[in-house]
Amino acid sequence: MAFNHLPAGAHDALTPLSVTPVTHSVPMANDQLPPEAGVHPVPRTVLDRLTAGADRAARITHTEHLPPRPGRHAPWPEQIRPEVVEAVRAAGIERPWAHQALTAAHALRGESVVVATGTASGKSLAYLAPVLSALLDGSEAPNGRGATALYLAPTKALAADQRRAVRALAEPLGKGVRPAVYDGDTPVEEREWVRQYANYALTNPDMLHRSILPAHPRWSSFLRALRYVVIDECHTYRGVFGSHVAQVLRRLRRVCARYGSDPVFLLASATASDPATAATRLTGVPVAEITEDASPRGELVFALWEPPLTELHGERGAPVRRTATAESADLLTDLVVQGVRTVAFVRSRRGAELIALIAQERLAAVDRSLPGRVAAYRGGYLPEERRAIEHALHTGELLGLSATTALELGVDVAGLDAVLLTGYPGTRASLWQQAGRAGRTGRGALAVLVARDDPLDTYLVHHPEALFRQPVESTVLDPDNPYVLAPHLCAAAAELPLTEADLSLFGPAAPGVLTQLEGRKLLRHRGTAWHWTRRERAADLTDIRGGGGRPVQVVEEGTGRLLGTVDAAAAHASVHEGAVHLHQGRTYLVRRLDLEDSVALVEQADPPYSTTARDTTSISILETAAEIPWGEARLCFGSVEVTNQVVSFLRRRLITGEILGESKLDLPPRTLRTRAVWWTVTEDRLDEARIDPEALGGALHAAEHASIGMLPLFATCDRWDIGGVSVPLHPDTLLPTVFVYDGHPGGAGFAERAFHTAARWLTATREAIAACECDTGCPSCVQSPKCGNGNDPLDKRAAIRLLTRLLRDAPAPQEEARPEARPEARPGPPGA
């Protein structure tokens, strides 16, 4: 029973429901009100209006009230230049918060530091003050360029936003500070100026990997003077992406050493567990942490919202709740009618488009001027489209926005009053990051988590303590993953020949991987160093976003116009022939997917259905790295090979979700070597659980689905990062077996985390299934939106009995981390 990685929201059945707009004139957006008016929505009042009527009020399962908090000031360190202090005062900030001053003090002492405080707590100023001081010091150097600084952001939008902030703050400082963005959208003629003259370059890890480091001789003057490296929103560097970025930063440190510099790392993070450990693992250098937030916080009203059950029935007759997408679209409509500036966050690109489209249609019935004040924002847009939306948001032209996480990360959206979270965003860190987008000026704010119809969301809205009484997660990344390490060793050798002395920089796995690369003739040992042997660019060996290849371009067939891009890993499931593709509120049908040229040709259409890909998956065990006995059952962790193939797609009616038909596809299979956790049960234990052979497949399948849905509560992932397979008799174990695997080559650390928290993870899984009110299984407990087998077979009751019996022999939580010793084995790099 397999899982593929379909875009979230692709299965939404948009059940109509009446909109309950407030019947009064629409006020101006808050930032357009005269300053003396001081009028802004009160969070509790806004929520009361949203829940007017018994039907709406019943959807609130819990309301959390976070009271306001006063701020605590401290003086700037004496080493901060007086010009910088005056510039900060001119911007309206008389004194820094205590955590800002402490962060600056670490930086000025040459100590790498991570500041992990709440959203809108002023982390940017904490690192900007020492950076601007250093740049001003450097501008007075009699010769040479002076000090430089490098800023890394996970998204282009954040880098562009930071440039605006730096320019505004540094304007009184004259030409001593020269910030410039260097990313894929930067014109060629501007790139040379950045290399030669900018002293504060704002970029992203992708450009550092593909452009700056391979061309380091052209950046020599900048790198020679590099004093600080700022890593913003560093909690986003997790899993495979984080592991790649960790190796890119090691390559940066190596090249800097070549030019005689040793930059200090300044990291900013959302509130996280043990941020110093995560930052040290990311950068490879010791990092101090600042976690006490001294900034003031306005009141936050946080509501948990469960959409109602509909009269519709889904797969196998299961009851279906109204989708979070449709529910959020209604709430966004109501908030815009109230004049409440709102961002609705949604997991998928398609979901962002749908929410904006539905809200625009419903707003048109209220006031013809309102649809133009709502838009969608997601990755894959062309640069000019992104910039126009960002500008409209900053000016207040937009009242409502539906956005993917492309807008989550620190973009300064002043004046927001409310945030809608369309489904749990995968981690508590992201939950608070998104909720913190509202109320950034210290005013009160409203946040609403709208639950999706899946096990984790349903569990959370009925167990608010799991959100509000638990610490945020630690960041999971694995720089020693050989699939990650191998291409970066090649890239490092292409930048500067690798020596024995370099290997400690890249971690303990480097010598073994280096031997494999030499055996494959990718690297050649000459004299005392290893050299890159190929003509092609070594940096092109890997996509650090883990996309698995170059993005697929979506092109309008009739005009040749480029609409956007889709990640290679998602192309088989999302832009296959016959797929429905949404872009900027318009619907397109995919006419042809050319995998060789990475192009999907589409034409505009208006089909009354959405499409859902189906796949088949098989799995084989390569090595077992660790094993724990659970009575007669075994809990294992190790390396596996997963073979997945998209074989068909379903057409679903938009309004009801009714399946209209299935079409076969002829796409090649994909093979993934990764890490997995798996557990087996014996026949005796199945007999004790009263599970007969006819029910076994459904019990395993249901337990697999629910456990995948619950794993994000215990590992820093979401269900789209992981997959699963359940087999009544697996050829490698010769027993009934359930696998949960990382959906990235070499693993991402999620399955390993599941292995070490298995008793708590599977206990929560059993509780989530048992607590669901349905009779035979539904999307809130054991059905999965990305099941390649159409959620068949599933046996909810048998799954509860199976997990109950399995957990009876599970070790106590403190014993979970003591597996039987096994030789460590990992999948090698491709071709090894």
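Reading the values: rules and limits
- Residues numbered from 1 in each chain as written.
- Predicted model: local features only at pLDDT ≥ 70, side-chain atom pairs only at ≥ 80, totals over all residues.
- Heavy atoms only, no water.
- Helix = DSSP H or I, 4+ residues; strand = E, 2+ residues; numbered from the N terminus.
- Buried < 20%, exposed > 50% of the residue type's maximum accessible area, 1.4 Å probe, protein only.
- Contact = heavy atoms within 4.5 Å.
- Areas by Shrake-Rupley, 256 points an atom, 1.4 Å probe, with all protein chains shown as cover.
- Arc of directions from axis to C-beta.
- Axes fitted to C-alpha atoms, helices over the stretch in contact; angles between N-to-C directions.
- Parallel < 35°, antiparallel > 145°, perpendicular 65-115°, else oblique.
- Nonpolar A, V, L, I, M, F, W, Y, C, P; charged D, E, K, R; others polar.
- Pairing = 2+ DSSP bridges.
- pLDDT = per-residue confidence, 0-100.
- Salt bridge = Lys/Arg side-chain N within 4 Å of Asp/Glu carboxyl O.
- Phe/Tyr/Trp six-rings, centres within 6.5 Å; stacked < 30°, edge-to-face > 60°.
- Polar contact = N/O pair within 3.5 Å; in protein donor to acceptor, adjacent residues only side chain to side chain.
- Left-handed = near helix turned anticlockwise from the far one by under 90°.
- Core = buried A, V, L, I, M, F, W, Y, C linked by side-chain atoms within 4.5 Å.
- Expected span 1.5 Å × (residues − 1).

Draft legend 1. Seen up close, the overall build of the protein chain. Looking only at helices and strands, the protein chain has 26 helices and 30 strands in total. Within the protein chain, the fraction of its 832 residues that count as buried is 61%. A separation of at least 24 residues holds for 76% of the contacts in the protein chain among residues at least 6 apart in sequence. A total of about 31300 Å² of accessible surface is found on the protein chain, and carbon and sulfur atoms cover 51% of it.

Draft legend 2. Seen up close, helix α3 (residues 82-90). For α3, every residue scored as buried is listed here: V84, V85, A87 and V88. Each buried residue of α3 lies within a common arc of 160° when the element is viewed along its axis, so the set occupies one face. Relative to its buried face, α3 has exposed residues pointing more than 90 degrees away, namely P82 and A90. Within two residues after α3, G92 carries a phi angle of roughly 100°, on the positive side.

Draft legend 3. Seen up close, the packing of helix α16 (residues 455-462) against helix α23 (residues 693-710). Packing of α16 against α23 brings their axes to within 7 Å, and their N-to-C directions diverge by 60°. One way to sum up the angle between α16 and α23 is to call them oblique. Facing α16, whose interface residues are P455, L456 and Y459, α23 presents A706, G709 and M710. Classifying every residue of the contact of α16 with α23 gives five nonpolar, one polar and no charged.

Draft legend 4. Examining the sheet that holds strand β4 (residues 179-181) more closely. Pairing within the open sheet is parallel, and its seven strands lie in the order β4-β5-β3-β6-β7-β2-β8. Where the open sheet ends on each side, the last strands, each with one partner, are β4 and β8 (288-290). Averaged over all pairs of adjacent strands, the angle between their axes in this sheet comes to 15°, without regard to strand direction. Pairing analysis gives three bridges linking strand β2 (residues 113-116) to β8, with the strands arranged parallel. Looking at β8, one finds that V113 is bridged to A288.

Draft legend 5. Main features of the confidence of the model for the protein chain. On average, the protein chain scores 86 in pLDDT, and the residues at 70 or more come to 88%. Across residues 1-39, where pLDDT falls below 50, the model places 136 contacts with residues more than four positions away in sequence or in other chains.

Draft legend 6. Structural view of the pattern of salt bridges. Summed over the entire model, instances satisfying the criterion amount to 41 salt bridges. Of the charged contacts in the structure, one is a salt bridge between E688 and R805, with a shortest N-O distance of 2.5 Å. Residue E688 is found in helix α22 (residues 683-688), and its partner R805 is found in helix α26 (residues 796-808); the two are separated by 117 residues along the sequence. Connected via shared salt-bridge partners are D55, R59, R322, E327, D330 and R362.

Draft legend 7. Just the sheet that holds strand β14 (residues 400-403), in detail. The strand order β1-β9-β16-β15-β12-β14-β13 describes an open sheet built from seven strands, whose pairing is mixed. At either margin of the open sheet sits one strand with a lone partner, and together these are β1 (60-66) and β13 (374-377). Direction aside, the axes of adjacent strands within the sheet are offset by 15° on average. Pairing analysis gives six bridges linking β1 to strand β9 (residues 300-305), with the strands arranged antiparallel.

Draft legend 8. Structural context of unusual backbone geometry. At the junction of D792 and P793, the peptide bond is cis and its omega measures out at 0° in the coordinates. Along the chain, P793 falls in the loop between α25 (758-771) and α26. In this structure, K521 takes a positive phi of about 65° despite not being glycine. Here K521 is to be found in the loop between α20 (510-519) and β18 (523-526). Relative accessible area serves as the criterion here: at 61%, K521 is assigned to the exposed category. Its identity is not glycine, yet R690 carries a phi of approximately 60°, on the positive side. Residue placement: R690 occurs in the loop between α22 and α23. By relative accessible area, R690 is classed as exposed at 60%.

Draft legend 9. Just the packing of aromatic side chains, in detail. Scanning the model with the defined rule gives 11 aromatic pairs in all. Centre to centre, the rings of Y151 and Y200 are 6.4 Å apart; their planes meet at 70°, and the pair counts as edge-to-face. With Y151 in strand β3 (residues 148-152) and Y200 in strand β5 (residues 200-203), this residue pair connects regions lying 49 residues apart in the sequence. In this pair, the class of Y151 matches that of Y200, namely buried. Here F302 and W432 contribute two aromatic rings whose centre-to-centre distance is 5.5 Å and whose plane-to-plane angle is 75°, an arrangement assigned as edge-to-face. A residue pair is termed long-range when its members are at least 10 positions apart, and F302 in strand β9 and W432 in helix α15 (residues 428-435) qualify at 130 residues. W432 sits in the partly exposed class, given a relative accessible area of 24%.

Draft legend 10. Structural detail: the environment of T674. Along the chain, T674 falls in strand β28 (residues 670-680). With a relative accessible area of 0%, T674 lands in the buried category. Only 3.4 Å separates the side chain of T674 from the backbone nitrogen of G747, close enough to count as a polar contact.

Draft legend 11. Examining the pairing of β3 more closely. Burial of β3 is extensive: five of the five residues sit out of reach of the surface. In the sheet, β3 pairs with strand β6 (residues 226-231) via five bridges, with the strands oriented parallel. Bridge pairing links Y151 to V230 in β6. Note that β3 and β5 share four bridges and pair parallel. Within β5, the residue paired with Y151 across the bridge is L202.

Draft legend 12. Looking closely at the environment of T203. Mapped onto the elements, T203 comes out in strand β5. Judged by relative accessible area, which is 1%, T203 ranks as buried. The spatial distance from the C-alpha of T203 to the C-alpha of A180 is 8.7 Å, given a sequence separation of 23 residues. Apart from the residues lying within four places of it in its own chain, the contact partners of T203 are L150, Y151, L152, A153, A159, Y182 and I212. At a separation of 2.6 Å, a polar atom in the side chain of T203 contacts the main-chain carbonyl oxygen of Y182.

Draft legend 13. Layout of the packing of helix α12 (residues 324-337) against helix α13 (residues 349-364). Relative orientation of the contacting elements α12 and α13 amounts to 45°, with a least axis distance of 8 Å. Taken together, the axis directions place α12 and α13 in an arrangement best described as oblique. In the packing of α12 onto α13, the handedness of the crossing is right-handed. From α12, T325, S328, A329, D330, L332, T333, V336 and V337 reach across to α13, where they touch G351, L354, I355, I358, A359, R362 and L363. Taken together, the residues of the contact of α12 with α13 break down into nine nonpolar, four polar and two charged.

Draft legend 14. How the structure looks around the nonpolar core. Formed by 124 residues in total, the largest nonpolar core has its most connected members in F302, L401, W630, W679, I691, L711 and W761. Of all the elements, α23 adds the most residues to this core, at nine residues. Beyond its immediate chain neighbours, meaning those up to four positions away, W630 contacts L635, A758, A759, L762, L806, L807, D809, A810 and P811. Grouped together as the second largest cluster of nonpolar side chains are 39 residues, A87, V113, L132 and V264 included.

Draft legend 15. Just α25, in detail. A rise of 1.5 Å per residue sets the reference length of α25, with its 14 residues, at 20 Å; its end C-alpha atoms lie 20 Å apart and thus fit the reference within 8%. Those residues of α25 not exposed but buried are A758, A759, W761, L762, A764, T765, A768 and I769.

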